[in-house]
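What follows is each chain in one-letter form.
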Amino acid sequence: MKNSLGSLLVVDDDKFILEAMADYLRKLGYRTETAATCGEAMDRMREFPFEVVICDVHLPDQDGFQLLEWASKEQPETSVIMLTGYGTIESAVEAIRIGAFDYLTKPVIDDELNLSIQRALGQRKIVEENKSLRKQLDQKYGLANIIGRDYKMSKMFDLIESVADTRTTVLILGENGTGKTMTARSIHQLSNRRDKPFVEVACGALPDSLLESELFGHVQGAFTGASHDKMGKFLQADGGTLFLDEIATATPQLQVKLLRVLQDREFEAVGGNETHRVDCRLVLATNENLEQLVAEGKFRQDLFYRINVISLTQPPLRERVGDIPLLAEHYLKNFIEQTGKHVDGFDDETIQLMQRYNWPGNVRELVNVIERAVVLCRTERIMPIDLPDSIHKQLDTSNMPVHFGGNSLKTALANPERQILVEALEANGWNRQETAKMLGVNRTTLYKKMKKFNITFENCHA
């Protein structure tokens, strides 16, 4: 039977009522099956995932409440509507407590039953849409969306997973364009606050006069132009996560208020007397050296200690050369989907050029370069000519030759390879066995490469 509106199971020991109800529901367009006992109903439900079950309380083998309890544990996504010939408030409350979607009294009015079924199906649709949205959020902001196999990235991933499901304040350090916002979102998405708001404030993008109002809100008449009360970002993020980017730009006055929120979880709106309590997890980010700003008296030492509980460092792209091909392929796939353009991939020489470039704009710049290349390329592969002049100019003025024949290619690739080897050794405390395992090579290969590039602990720590 074609399922046009929804799949239903009607359970009742009165054969006349059972068939009459089933005929009515089938005429409305529902796929409808029947069962006369609790045991038969369970068997049918094991065979097919019904969306709604309409069940009489009184059945010959067990009562409907036992079917309801079983369904709540075994098939929680199925909505159960209970029916009884002599309903009481107590039994209705008990049914809802156990997990019934609705409780109707016989004789059931046709329209009342249909309305209850439609409501149950509507609620199921909302739950499925929420699951779909949750899946999309996990795909877009989950940890898997932060691309990288570099050992520095691996350490960062481990730290994110360790701190995500706590209330601990996190400070993200890194240059512009390294992906600090994505990391903040991933921390929120992995936490038990994922269903609550994630609120972002770019502190450096707002003038000092507006930033305090933006964070804490204001009351009507607090200053010229304050024509009505305004809720601040702290209250908007209540129960969730507040991400303060470019925190180093905060004024001394704002730093005092931030310190109080971190210590006491309370504040007053600008111009207001009412104290608000808030439960939000703070994630902060900066591209500045906060310790240096503290030493210069530009950032409060007590606030620095408060926010520097757990710090994550986003490595610049030039320090994770091995991740450039991964990132390039990831964003290429995204832009191919967006544009519908047919591009097979990158020419080897293009990847080599990108690995030699120092990426002052980091991942953000790489994303722009890939988008530009996809739009402009006229062949099936992205060639060096599709890269912007800024990359070619920097490489032209470097000491390395720009041609890629013979020894020039070896020279071009040697520096990144040597850097990767040294960083991997440093990460593993110069333990060759662990380093070889992390790099996916055997120890003999590692020894040969160390000899080739003259890599020793003494040379690297001279």
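Here, every reference points to the structure presented above.
This section reports on the structure supplied with the text. (Residues numbered from 1 in each chain as written. Predicted model: local features only at pLDDT ≥ 70, side-chain atom pairs only at ≥ 80, totals over all residues. Heavy atoms only, no water.)

**Notes on the sheet that holds strand S6 (residues 170-173)**
Strand order in this open sheet of 5 strands is S7-S8-S11-S6-S12, and the pairing throughout is parallel. Two strands in the sheet have a free side with no partner beyond their single neighbour: strand S7 (198-202) and strand S12 (310-313). On average, each strand axis in the sheet is inclined to that of its neighbour by 20°, with strand direction left out of account. As paired strands, S6 and strand S11 (residues 281-286) are joined by 4 bridges and run parallel to one another. For isoleucine 172, the partnering residue across the bridge sits in S11 and is alanine 285. Sheet contacts for helix H6 (residues 151-163): S6, S11 and S12; angle to S12, the most-contacted strand, approximately 150°. (Pairing = 2+ DSSP bridges. Helix = DSSP H or I, 4+ residues; strand = E, 2+ residues; numbered from the N terminus. Axes fitted to C-alpha atoms, helices over the stretch in contact; angles between N-to-C directions. Contact = heavy atoms within 4.5 Å.)

**Points about the packing of aromatic side chains**
Applying the stated criterion to the full structure yields 8 aromatic pairs. Seen from their ring centres, phenylalanine 198 and phenylalanine 243 are 6.2 Å apart, and the 25° between their planes marks the pair as stacked. Taken together, the positions of phenylalanine 198 in strand S7 and phenylalanine 243 in strand S8 (residues 241-245) put the pair 45 residues apart, joining distant regions of the chain. Since its relative accessible area comes to 0%, phenylalanine 243 is described here as buried. Aromatic pair phenylalanine 216 and phenylalanine 234: ring centres 5.2 Å apart, planes at 10°, arrangement stacked. Here phenylalanine 216 is found in helix H8 (residues 208-216), whereas its partner phenylalanine 234 is found in helix H9 (residues 233-236), with 18 residues between them in sequence. Assigned by exposure class, phenylalanine 216 and phenylalanine 234 land together as buried. Lying across the ring of phenylalanine 48, arginine 31 places its NZ or CZ 3.8 Å from the centre. (Phe/Tyr/Trp six-rings, centres within 6.5 Å; stacked < 30°, edge-to-face > 60°. Buried < 20%, exposed > 50% of the residue type's maximum accessible area, 1.4 Å probe, protein only. Lys NZ or Arg CZ within 6 Å of the ring centre and 35° of its normal.)

**Focus: the pattern of salt bridges**
Pairing between side chains of opposite charge can happen when the charged atoms of each approach one another. Under the definition given, this model contains 22 salt bridges. Here arginine 26 ties to aspartate 23 by a salt bridge, and the two come within 3.6 Å at their closest N and O atoms. Linking arginine 26 with aspartate 23, this pair stays in helix H1 (residues 15-28), spanning 3 residues, or about one helical turn. The class of arginine 26 is partly exposed, set by a relative accessible area of 30%. Aspartate 23 gets classed as partly exposed once you look at its relative accessible area, which sits at 38%. Glutamate 33 is the salt-bridge partner of arginine 44, the closest N and O atoms lying 3.5 Å from each other. In this pair, arginine 44 sits in helix H2 (residues 38-47) while glutamate 33 sits in strand S2 (residues 31-35), placing the two residues 11 residues apart along the sequence. For glutamate 33, a relative accessible area of 21% translates into the label partly exposed. (Salt bridge = Lys/Arg side-chain N within 4 Å of Asp/Glu carboxyl O.)

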